[in-house]
Structure formats: structure tokens, C-alpha cells
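# Overview (structure and organization)
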Amino acid sequence: MKLTMRLGVRSYDIVVRRGALARVNQLINLNRKVLVVTDEGVPRRYVEAILAQCGRGVEVCVPQGEGSKSFACLERILTTMLEAGFGRSDAVLALGGGVVGDLAGFAAACYMRGVDFINCPTTTLSQIDSSIGGKTAVNLAGTKNVVGAFHQPRLVVADPDTLDTLPRRHFINGLAEAVKAGLIADEDLFELFETGDADKDLEEILYRSLVVKKNVVENDERETGRRAVLNFGHTIGHGIESAEHLGGLYHGECVALGMLPMIEDETLRSRVKAVYKRLGLPASIEYDGDEIFRFATHDKKASGDAVTVVRVPELGQVRLDKIPLEELRTLIGEGIQ
Ligand SMILES: NC(=O)c1ccc[n+]([C@@H]2O[C@H](COP(=O)([O-])OP(=O)(O)OC[C@H]3O[C@@H](n4cnc5c(N)ncnc54)[C@H](O)[C@@H]3O)[C@@H](O)[C@H]2O)c1
Ligand SMILES: [Zn+2]
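Analysis parameters
Residues numbered from 1 in each chain as written. Chains lettered and ligands numbered in written order. Predicted model: local features only at pLDDT ≥ 70, side-chain atom pairs only at ≥ 80, totals over all residues. Heavy atoms only, no water. UniProt positions renumbered as here; feature names shortened; annotations may be inferred. Near = heavy atom within 4 Å. Polar contact = N/O pair within 3.5 Å; in protein donor to acceptor, adjacent residues only side chain to side chain. Areas by Shrake-Rupley, 256 points an atom, 1.4 Å probe, with all protein chains shown as cover. Helix = DSSP H or I, 4+ residues; strand = E, 2+ residues; numbered from the N terminus. Nonpolar A, V, L, I, M, F, W, Y, C, P; charged D, E, K, R; others polar. Domains from an automatic or database assignment. Buried < 20%, exposed > 50% of the residue type's maximum accessible area, 1.4 Å probe, protein only. Arc of directions from axis to C-beta. Contact = heavy atoms within 4.5 Å. Disulfide = S-S within 2.5 Å. Salt bridge = Lys/Arg side-chain N within 4 Å of Asp/Glu carboxyl O. Buried area = accessible area lost by both parts, 1.4 Å probe. Pairing = 2+ DSSP bridges. Axes fitted to C-alpha atoms, helices over the stretch in contact; angles between N-to-C directions. Parallel < 35°, antiparallel > 145°, perpendicular 65-115°, else oblique. Left-handed = near helix turned anticlockwise from the far one by under 90°.

As named in an unreviewed UniProt entry, the protein chain is 3-dehydroquinate synthase, taken from Ruthenibacterium intestinale. The Subcellular location (unreviewed entry) comment attached to the protein chain in UniProt states, word for word, "Cytoplasm". Recorded under Pathway (unreviewed entry), the UniProt text for the protein chain is reproduced unchanged: "Metabolic intermediate biosynthesis; chorismate biosynthesis; chorismate from D-erythrose 4-phosphate and phosphoenolpyruvate: step 2/7."

Structure representation (C-alpha cells):
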């Protein structure tokens, strides 16, 4: 299937197709210098498949994990591009999960004030969510995504076959963003998680989630307003993700936890927890609430003594609320039960 993100001159196709990774060059010109950014956990055969299609491919392979969304890795990519003589008509291609996508996308946004960016996401999370929308970033001094840019890709190619090699926990982790999409805008998608089989329904899950995100982004590309609904679960989620000693949790798992206090209807909250249990996502956690609050409010969404949070009053509905910081502290509590 193919979707088109309609953003005027920045419009692009999102191709979701089994086997598509071997045919990216039929969708976009790879017969130029292409900086392929990947990480050490991405199976080599995917990297080889991409390099084989590039006329002049140069690879940068960073270590696995969130730590690679760093200035050090960014500098390595930019230096490699400079030394290899990359010009403005060359391209950066991300092959991997959200870490590689955010890092490579930001490098593409910065190099010579912006070159083409092609995203080939290979994790559930990146195929469902992070590869579209144009948000790119690295972390700084422990604060997530605080240095970044909006830089839309020219093309997104998601090949669901690549998910066969993804460790199960990462596979499930990404589904949290699809549960989010269902909760804020697609009741049927949410109900699919209650009654269906995530493995068998994968393509429908990918498609419906991408449609939710696409509709929001098309109406507010730069998050001056409504796009913030996509941050549902992310204020407390980022707080949990940033807390060093909880570093063992993945992004989607943190978002899953962070959504729970923001669901107002108790029956719906119980249904969501049942979905988490069914999938194997965490449904409760204990933490030091002050620490989570500190990290959550370092978040760029905080301004002055108020913070904008995203709440789901009932299934398929979403509301942005500006609340005093103390109220956020109360919502964070000392854990999520
Ligand atoms: N830009 C956005 O809009 C946006 C949205 C959501 C999340 N994010 C970011 O995405 C990041 C998380 O992304 P993620 O969950 O994809 O994690 P990730 O990029 O760390 O990938 C998870 C792991 O899977 C491995 N891997 C990747 N593809 C594989 C495959 N096909 N087979 C086997 N192993 C594979 C990687 O080596 C990595 O260790 C976070 O940094 C988060 O902030 C960005
Ligand atoms: Zn997210």
C-alpha cells in the first residue's frame, strides 16, 4: 500500500510493502552519493541490500541504542559526508529504528542547510510512527530530543518483512504507538488490539496508525497547535524514559505507561491495561515522582508555570489541556498502578 503525506512542495510517499527494501531505487534516485546510516543491531543483509542499490553509497554504522542520538554520532556522520565530498543534491538514507531515523534525519537537515532524506524504518515503532512527520533530533545532557529540526523525508519505505528479525520485545514496544493512535483517533484500531491478533493484523495496524498520524501532521506540520495530540503519553513517558535508573525501558513502553494517568474514563483505562497485558506491555511501575516530574518538565513542552498535557476523555477523543505544574506533579504520583 502507499500513502501520500500531503504537505505542498514537501509532499512524499509512504510505501508499506513486503519486499520493498530490495527495490528502493525504483522509487527514488539512489544513483548519487548516499550516506546510509544504520546501527550495529540492524541485520547486515538489509544494509547490503540497500548499499547494492546505491550508485555511490557510504555507510556509517553507529552503536545500538538511544545513546547514539548524540552530538558525537552526528559529528561522525557530518564529517564522513564532508570528507566524501557530499553536495546539496546528494542524500542521507536511514536504515533502522527511530534512533537511526532521528539521528540521520537531523544530519540531513543540517548538512549544507538540508539535503534529501530517505527513511527506511525497520522497527515496528519506526514503521508505525517515527519515520513520518519530519521530526528529527538528538539528545543533549540527558534531555531527549532537545536539539532538532523539522525536516520531512523525500520518501519513506517500510518493509514489514524486516520485522521478522526484530526481537519480540522491540516488536511489541512499537505497538504502543499504535495503541496511542487508536486511543486518540481510531476506535476500530483500538478494538483490534482487544479482539484481534497483532501479528496477523500487522499490516492493518501499520496502515491505520499511519493514517492517524498523517491526518494530524497534514493539518499542523510544525506543531503550532493540534499536532501536539500525538504527544499523548509522552510528557510522563519522556520523564520515565529520561530517569537514568529506569533506562531499561524502551520508548514505547514508557509511552504506554505515560498514557495511563492521562485517560480520564476509568473503564477505558481498565480496557487499556487489559490490552497491555495481552500484548506484554508494562501496565504499572513504581518510581520517585519528584525525579520523573523534574525530567518531564525539562521537556520542551513545558513553558512558565504551566504545561500542556494531552488527555483522552473517552475512546477516540483527545483534548489539549494547559494545567499548572503542580497538577502534573499530582498526575505523576509515585508510580502508575
Ligand atoms: N521522530 C519522531 O517522530 C519519533 C517518534 C517516536 C519515537 N521516536 C524516537 O524513536 C526512538 C526509538 O525507536 P525504536 O523503538 O525503533 O528503537 P531503536 O531505533 O533503538 O531500535 C531498536 C533496536 O532494534 C534493532 N533493530 C532495528 N531494526 C531491526 C530489525 N529489523 N531486526 C533486528 N533488529 C533491529 C536496533 O539495532 C536497535 O537496537 C527513540 O529515540 C524515540 O525518541 C521519534
Ligand atoms: Zn513516541
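Once the structure has been displayed, the description carries forward.
### With respect to the site of ligand 1
Around ligand 1, 29 residues are found, and the nearest of them are D39, E66, T122, T123 and T165. Note that an oxygen atom of ligand 1 is positioned 2.9 Å from one of the side-chain N or O atoms of Q64. Relative to its free-state accessible area of 870 Å², ligand 1 is covered by the protein chains to the extent of 92%. If you list the elements that add at least two residues to the shell around ligand 1, you get α3 (98-110), α4 (124-130), β8 (143-150) and α5 (168-185). Across the shell around ligand 1, the residue classes tally to seven nonpolar, 13 polar and nine charged. In this structure, the shell around ligand 1 is formed jointly by two domains, domain 1 (2-165) and domain 2 (168-336), each of which donates at least three residues.

### Looking at helix α12 (residues 325-332)
Among all positions in α12, only L325, L328, R329 and I332 are buried. Along the axis of α12, the buried residues cluster in a sector spanning 105 degrees; they form a single face. In this structure, α12 carries E326 and T330 as exposed residues pointing more than 90 degrees from its buried face. Those residues of α12 that are buried are in contact with α8 (234-242), α11 (289-298), β12 (306-311), β13 (319-324) and β14 (335-336). Phi for G333, located one or two positions after α12, is positive at around 60 degrees.

### So, the environment of D305
Mapping D305 onto the fold places it in the loop between β11 (302-303) and β12. Taking the C-alpha atoms as reference points, D305 and L325, 20 residues apart in sequence, are found 5.7 Å from one another. In contact with D305, other than residues within four places in its own chain, are I323, P324 and L325.

### Focus: the UniProt feature "domain: 3-dehydroquinate synthase N-terminal" (unreviewed entry) in the protein chain
Within the UniProt annotation, "domain: 3-dehydroquinate synthase N-terminal" (unreviewed entry) is assigned to residues 60-172. Segment residues 60-172 splits into 34% helix and 29% strand. End C-alpha atoms: 27 Å apart.

### What to know about the state of the cysteines
Throughout the structure, instances matching the rule amount to zero disulfides. Cysteine C61 shares no disulfide, and the gap to the nearest cysteine sulfur, in C73, comes to 10 Å.

### Observations regarding the pattern of salt bridges
Within this structure, the stated rule accounts for 32 salt bridges. Here R271 ties to E191 by a salt bridge, and the two come within 3.9 Å at their closest N and O atoms. Taken together, the residues R271 in helix α10 (residues 266-279) and E191 in helix α6 (residues 187-195) connect sequence positions 80 residues apart. R271 gets classed as partly exposed once you look at its relative accessible area, which sits at 28%. Overlapping salt bridges, with partners in common, bring together E66, K69, D102, K144 and E241 in one network.

### With respect to the domain arrangement of the protein chain
Partitioning the protein chain into domains gives domain 1 (2-165) and domain 2 (168-336). On a C-alpha basis, the centroid separation for the pair domain 1 and domain 2 is 25 Å. Every contact between the two is made by 27 residues of domain 1 and, on the other side, 32 residues of domain 2. Buried surface at the junction of domain 1 and domain 2, both sides included, amounts to about 2700 Å², of which 62% is carbon and sulfur. Considering only the surface of domain 1 that becomes buried against domain 2, L3, I128 and F150 emerge as the three largest contributors, covering 24% of it.

### Focus on the pairing of β12
Remember that side chains alternate between the two faces of the sheet whenever the strand is regular. Of all six residues that make up β12, five are buried, and the element is covered over most of its length. In the sheet, β12 pairs with β13 via six bridges, with the strands oriented antiparallel. Counterpart to R311 in the pairing with β13 is R319.

### Things to note about the sheet that holds strand β5 (residues 91-96)
Pairing within the open sheet is mixed, and its seven strands lie in the order β1-β2-β9-β6-β5-β3-β4. Looking along the sheet, the strands with just one partner apiece sit at the ends: β1 (2-5) and β4 (56-62). Each strand of the sheet is rotated relative to its neighbour by a mean of 15 degrees, with strand direction disregarded. Note that strand β3 (residues 33-39) and β4 share seven bridges and pair parallel. Residue pairing for β4: D39 is matched across the bridge by V62.

### Considerations on the packing of α11 against α12
Working note: a packed helix pair is described by the angle between its axes plus the distance between those axes. Viewed as axis vectors pointing N to C, α11 and α12 meet at an angle of 130 degrees, and their least axial separation amounts to 9 Å. Judged by the inter-axis angle, α11 sits oblique to α12. Judged by the sense of rotation from one axis to the other, the crossing of α11 with α12 is right-handed. Residues G289, D290, I292, F293, A296 and T297 of α11 form the contact with α12, whose own contacting residues are L325, L328, R329 and I332.

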